[in-house]
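What the coordinates show
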Amino acid sequence: MPGVTKTLRAGRSASRRGTEERPLTKWLLISTALVFTAVFLLLPLANVFAQALSNGFAYYWRSLSNPDSLSAIRLTLFVAAVSIPFNVVFGLAAAWAVAKFEFRGKSLLVTLIDLPFSVSPVVAGLMFVVLFGLQGFLGPWLDARDIQIVFAVPGIILATVFITFPFVARELIPLMQAGGSEQEQAAMTLGASGWQTFWRVTLPSVKWGLLYGVILCNARAMGEFGAVSVVSGHITGLTDTMPLRVEKLYNEYNAAAAFAVASLLAVLALITLLVKTILEWRQARDFIRAQAGGKTVDSDCNANGFNNP
Amino acid sequence: MRMATAKHSSLPGFGLTLGFTLFYLSAIVLIPIAALVLRALQMTWQEFWTLATTARAISAYRLTFGASLAAAIANAVFGTLLAWVLVRYEFPGRRIIDAMVDFPFALPTAVAGLTLSSLFAANGWLGQWLVPLGIKGAFTPLGVAIALTFVGLPFVVRTLQPVLQDFEQEVEEAAATLGAGRLRTFLTVVTPSLLPAVLTGFSLAFARAVGEYGSVVFISGNMPFRTEIAPYLVVMRLEEYDYQGAIALAVVLLAFSFVLLALINAVEQWASRFHR
């Protein structure tokens with residue numbers, strides 16, 4: 001939380017002689033940073049919209065309203081809407097078990113929860129092909145019952161769930177651990193049931209962290225490419241998600257249309273950043289308020305939400 | 001491993017939540033990983049080794065690791081610079097840049113690859129200046145490194161920022177009072193305490209780059225022996241219905257990410273001991 005420390009530091013940094021760079025060095029460092037961000041972050045973003053509109057607005061609109069693009073948009077929304085609730089329920093359950101109880105193997109469990117971040121998306125996709133594909137372990141059994149998982153929508157959902165598996169849990173675990181369990185115990189003593197305690201005490205206290213996790217989970221779910229590409233089968237109009245549609249249009253030498261679909265995903269990224277930043281500022285403000293009120297600080301949105309490979 | 005019963009808590013739901021967590025973790029993560037490894041174990045060692053070390057695979061590993069290393073080094077340098085500037089200086093646009101640092105995480109990798117390849121193409125915004133100078137960013141190994149640098153950019157910044165914020169400036173003041181120049185203070189006082197965080201960020205960026213697929217396939221051109229990365233080769237084998245080949249390569253990548261994960265944990269533990 002840059003904002004907080006900044007404010008705190010402003011108070012005590014009356015004298016800072018000899019601990020600052022010379023103005024020229026400082027100016028050089030700042031301009032290098034600005035040029036680097038401009039070239040590496042702003043230019044790619046601006047280029048998406050410039051290329052998307054390179055054939056005019058009418059063409060842009062036609063590319064988006066094309067039935068195959070529309071079906072890709074629908075599939076992406078559907079996959080995200082199905083995968084996120086799974087990971088939210090899992091995240092809440094895992095955080096409750098890890099934060100409120102002591103048991104052996106807890107740190108191993110937390111490490112295992114982060115595991116999907118270290119697996120290459122392509123390898124993740126391949127795992128589901130190995131399990132459910134025709135050559136796979138369950139393939140013949142599924143085929144005999146006419147159930148198709150890979151190269152169909154269920155496979156896309158499974159791959160997405162795998163890729164986004166840790167997001168909600170790793171937001172909630174530190175938050176609920178820091179919160180302790182005194183409030184829940186008080187509620188139970190006053191006669192609340194377990195569910196009531198969870199709904200009325202725990203959930204409200206972690207709601208912003210939960211939202212934060214859901215936002216990151218959603219961004220990754222809608223944008224996932226590698227894992228989904230392996231299990232999708234690339235059937236136009238049926239199993240193409242938005243990122244896969246982008247690739248297909250690009251390979252058909254229709255760059256403007258590819259960028260048109262990509263521009264929607266870029267807008268999604270911008271909205272994600274905006275909500276994330278607002279949540280972090282909010283957290284910083286609560287932090288200052290809590291300090292001013294002399295209360296203990298018990299929540300901290302993990303600013304490294306996306307981090308970890 | 002036995003999951004012992006809950007201690008010290010009168011709250012309900014331990015069995016339910018832990019049971020569900022373990023069930024879900026097994027179904028989504030552990031069983032699929034085990035299935036892949038099991039399939040690889042069904043091959044003989046000879047078969048596995050032949051498939052995992054074909055000439056094309058070796059050149060793909062070399063590019064994947066080389067470009068990832070280059071990208072992680074670039075990120076360590078620019079990430080440190082960016083974190084320093086964001087924490088230490090006040091300038092217009094600071095908060096926007098701070099928020100934008102996460103952009104590579106938020107942007108779908110396919111979109112990143114698409115726009116980077118168009119930027120560095122001969123008629124792109126950057127390519128039209130760079131290509132005449134002989135700097136070809138699209139469809140070259142350099143392009144792979146560029147895409148991987150973009151994807152890994154936030155790691156070093158985000159691991160270093162909190163460390164820099166907590167850094168006691170009194171230490172720097174003391175060094176300055178004792179007569180050290182700014183550069184000397186930076187090299188002998190500041191650098192050693194930032195190094196563990198930079199190293200952690202570096203290894204996170206490296207690990208991410210090795211597995212990266214989406215952003216690279218657009219910019220690299222995927223030419224065998226030249227610009228083909230290992231994850232792409234996995235997909236190629238799969239499309240050729242060469243399941244054994246795909247599985248062998250995937251297991252190599254998987255083993256590598258687990259080794260790296262263990263290393264990162266070790267570095268993080270070392271770093272946290274360094275700080276408290």
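In this text the structure is predicted, and so the values were computed from the model without any measurement.

Reading the values: the criteria
Residues numbered from 1 in each chain as written. Chains lettered and ligands numbered in written order. Predicted model: local features only at pLDDT ≥ 70, side-chain atom pairs only at ≥ 80, totals over all residues. Helix = DSSP H or I, 4+ residues; strand = E, 2+ residues; numbered from the N terminus. Contact = placed C-beta atoms within 7 Å. pLDDT = per-residue confidence, 0-100. Nonpolar A, V, L, I, M, F, W, Y, C, P; charged D, E, K, R; others polar. Buried ≥ 20, exposed ≤ 12 C-beta atoms within 10 Å, placed from the backbone. Axes fitted to C-alpha atoms, helices over the stretch in contact; angles between N-to-C directions. Parallel < 35°, antiparallel > 145°, perpendicular 65-115°, else oblique. Left-handed = near helix turned anticlockwise from the far one by under 90°. Core = buried A, V, L, I, M, F, W, Y, C linked by C-beta atoms within 7 Å.

All right, on to the overall build of chain A then. Each helix and strand in chain A was counted, giving 15 helices and zero strands. For chain A, contacts bridging at least 24 residues in sequence account for 75% of all contacts bridging at least 6.

Before going further, it helps to spend a moment on the confidence of the model for chain A. Residue and element names in this part refer to chain A. Model confidence for chain A is summarised by a mean pLDDT of 88, while 88% of its residues fall at 70 or above. For chain A, helix H1 (residues 2–12) is the element with the lowest average pLDDT, namely 46, and helix H9 (residues 153–164) is the one with the highest, namely 97. Taken together, the stretch residues 1–16 has pLDDT below 50 and engages in 17 contacts with residues farther than four places along the chain or on a different chain. Segment residues 295–305: pLDDT under 50, and 27 contacts once partners within four positions in sequence are set aside and those in other chains are kept.

Much of the literature gives interface size as the accessible area that the parts lose upon coming together. Counting from both sides, the interface comprises 83 residues of chain A and, opposite them, 86 residues of chain B. Sort the elements by how many residues they give to the side of chain A that touches chain B and helix H2 (residues 23–52) of chain A lands first, with 14 residues. Of the residues in the side of chain A that touches chain B, the class split is 52 nonpolar, 21 polar and ten charged.

Turning next to unusual backbone geometry. Unusually for a residue other than glycine, A:Asp146 sits at a positive phi of about 65°. Of note, A:Asp146 is situated in the loop between helix H8 (139–144) and H9.

A few words now on the environment of A:Lys26. All names here are of chain A. Tracing the sequence through the fold places Lys-26 in helix H2. Look at Lys-26 and you get partly exposed, because 15 C-beta atoms sit within 10 Å. A C-alpha to C-alpha distance of 36 Å links Lys-26 and Leu-265, two positions 239 residues apart in sequence.

Should the pLDDT be low somewhere, the predicted coordinates at that spot are not to be read in detail. Averaged over all residues, the pLDDT of chain B is 91; the fraction at 70 or higher stands at 96%. Confidence drops under a pLDDT of 50 for residues 1–7 of chain B, and excluding neighbours within four residues, the segment shows 13 contacts in the predicted structure.

A separate point is the packing of helix H4 (residues 67–100) of chain A against H9(A). All names here are of chain A. Across the interface, H4 lies against H9 with an axial gap of 9 Å and an inter-helix angle of 45°. As summarised for this structure, H4 and H9 are arranged oblique, according to the angle between their axes. Between H4 and H9 the crossing geometry is right-handed. Residues Val-79, Val-82, Ser-83, Phe-86 and Asn-87 of H4 lie in contact with H9, whose contacting residues are Ile-156, Ile-157, Thr-160, Val-161 and Thr-164. For the contact of H4 with H9, the class distribution of residues is six nonpolar, four polar and no charged.

To continue, consider the nonpolar core. Residues A:Leu126, A:Ala262, B:Val234, B:Leu249 and B:Ala250 are the most contacted members of the largest nonpolar core, which totals 167 residues. When residues no more than four places from it in sequence are discounted, the contact partners of A:Leu126 are A:Val230, B:Leu36, B:Val234, B:Leu238, B:Ala246 and B:Ala250.

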